[in-house]
Amino acid sequence: MPINKKKIKASLLVLLFSLAYLLLSYFLIGFKSDQLILVGLFNFMYYLSAVTRKFILGFIVFIVFWIIFDYMKAFPNYEYNTVRISELYELEKSIFGFKFNGGVVTPNEFWLLQHTNALDIMSGIFYLSWIPVPLIFAGVLFFYRKREFFYFSLTFLLVNLIGFCIYYIYPAAPPWYVQQYGFDFIANTKGNTAGLSRFDAYFGVEIFKGLYEKSSNVFAAMPSLHSSYPLIVLYYGIRNKLGWINIILAVVTIGIWFAAVYSSHHYVLDVLAGIACALTGIWLFQKLLHTKGWVHNAIEKAVKALS
């Protein structure tokens, strides 16, 4: 049997990038089991079959997003700009504050006093969906509308890059930080489940505790990218005329927006900024797609290679 040089070269590249990722991760943020899981999953799917190989190669965009997000731990945004704590809180109160129990409260403070088990469960379910909904949606597009898959995944990455830039330009503390620490800046503050801890407590689990212990930076409340993601999914759902599925996506989108505020993870201003970030990324990608021929050509080549 003749040696397939192309396959050998591809295998060597996979090995090289796997080792390079593990080494770079070790020096930047230290060893974590998540890194081995990511490398193991990628290699497993790459070698399992031709179908899974194409699938994992298509999802490289999401892997790049995760790696960038994870590496932000090595470069805390509060080392580059002043963290906004009281400024954002006061602005939220001046625009969205209202009278309650003899004082003026923000929506976060209101829900902190008026939370219920039903809302705790509902908000927890909605907030958990921000991970699987975009990934499942992307998976469906990959198998049935590959070109739209690349449009969606690249828009997703672009929105995140815009959001990450804002995190460094305008570091901002979330509502739960003010509730726990006031307006004093404390570097290296650990992630906190805030109102989502009630979901964990109700079911006797540590789902959100596990997620937020791995937070790259707690001073990244503005914009709320959790609020951006479902809007991107909804946009591409409408664009692809998914019918009744879009009603579900709209409910999930609004539910995540509510949960972000209800759980004290974001101000209303953060949610609005996340919406603006998503709309900006969608508009910018469409503009690049229709004005830059190389973007269109690169996507067409990727579609052909993975079909």
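Conventions used here
- Residues numbered from 1 in each chain as written.
- Predicted model: local features only at pLDDT ≥ 70, side-chain atom pairs only at ≥ 80, totals over all residues.
- Heavy atoms only, no water.
- Buried < 20%, exposed > 50% of the residue type's maximum accessible area, 1.4 Å probe, protein only.
- Helix = DSSP H or I, 4+ residues; strand = E, 2+ residues; numbered from the N terminus.
- Arc of directions from axis to C-beta.
- Contact = heavy atoms within 4.5 Å.
- Phe/Tyr/Trp six-rings, centres within 6.5 Å; stacked < 30°, edge-to-face > 60°.
- Patch = residues over 30% accessible without salt bridge, like charges linked within 9 Å, V, L, I, M, F, W, Y side chains within 5 Å.
- Areas by Shrake-Rupley, 256 points an atom, 1.4 Å probe, with all protein chains shown as cover.
- Salt bridge = Lys/Arg side-chain N within 4 Å of Asp/Glu carboxyl O.
- Core = buried A, V, L, I, M, F, W, Y, C linked by side-chain atoms within 4.5 Å.
- 1 Å grid on protein atoms, 1.4 Å probe; cavity = no way out; pocket = protein on both sides within 12 Å on 5 of 7 lines; lining within 4 Å.
- Points joined across faces, edges and corners; volume = space filled by probe spheres on them.
- Nonpolar A, V, L, I, M, F, W, Y, C, P; charged D, E, K, R; others polar.
- Polar contact = N/O pair within 3.5 Å; in protein donor to acceptor, adjacent residues only side chain to side chain.

## A short note on helix α3 (residues 50-58)
Spacing of three or four residues puts side chains on the same side of an α-helix, whose turn is 3.6 residues.
Consideration 1: For α3, the set of buried residues is Thr52, Phe55, Ile56 and Gly58. Viewed along the axis of α3, the buried residues span an arc of 155°, placing them on a single side of the element.
Consideration 2: Packed against the buried residues of α3 are α2 (33-48), α4 (60-71), α8 (132-144) and α9 (146-169).

## Focus: the packing of aromatic side chains
Consideration 1: Overall, the coordinates contain 45 aromatic pairs when judged by the stated rule.
Consideration 2: Ring geometry for Phe65 and Phe164: centres 6.3 Å apart, planes at 15°, overall stacked. Taken together, the residues Phe65 in helix α4 and Phe164 in helix α9 connect sequence positions 99 residues apart.
Consideration 3: Of the residues examined, Phe65 reaches a relative accessible area of 10% and is grouped as buried.

## As for a nonpolar patch on the surface
Consideration 1: Taken together, the side chains of Ile131, Leu135, Tyr202, Phe203, Val205, Ile207 and Leu211 present a nonpolar region at the surface, about 570 Å² in accessible area.
Consideration 2: Mapped by element, the contributors of at least two residues to the nonpolar patch are α11 (197-203) and α12 (207-212).
Consideration 3: Residue position: Ile207 is located in helix α12.
Consideration 4: On the accessibility criterion, Ile207 (38% relative accessible area) is partly exposed.

## Some words on the nonpolar core
Consideration 1: Counting 62 residues, the largest nonpolar core has Tyr127, Phe149, Phe152 and Ile299 as its most contacted members.
Consideration 2: Tallying contributions element by element places α9 first for this core, with 11 residues.
Consideration 3: Sequence-distant contacts of Phe149, that is, excluding residues within four places in its chain, are made with Gly58, Phe59, Phe62, Ala138, Leu141 and Phe142.
Consideration 4: Core analysis: the next-biggest nonpolar cluster, separate from the first, contains 17 residues, Ile85, Val178, Ala194 and Tyr267 among them.

## A look at the layout of surface pockets
In this approach, a probe sized like a water molecule rolls over the atoms, and the result shows the empty space that is left.
Consideration 1: Here the largest pocket defines a volume of roughly 1,200 Å³.
Consideration 2: As for the largest pocket, its lining consists of 42 residues, and the residues nearest its centre are Phe65, Trp66, Phe69, Trp130 and Ile131.
Consideration 3: Its residues placed into classes, the lining of the largest pocket shows 31 nonpolar, 9 polar and 2 charged.

## Structural notes on the side chain of Thr189
Consideration 1: Inspection of the secondary structure assignment puts Thr189 in the loop between α10 (175-181) and α11.
Consideration 2: For Thr189, a relative accessible area of 13% puts it in the buried group.
Consideration 3: Within the structure, Thr189 has its side chain in polar contact with the backbone oxygen of Ile186 (distance 2.5 Å).
Consideration 4: Aside from chain neighbours lying at most four places away, what touches Thr189 is Trp176, Tyr177, Tyr181, Val218 and Phe219.

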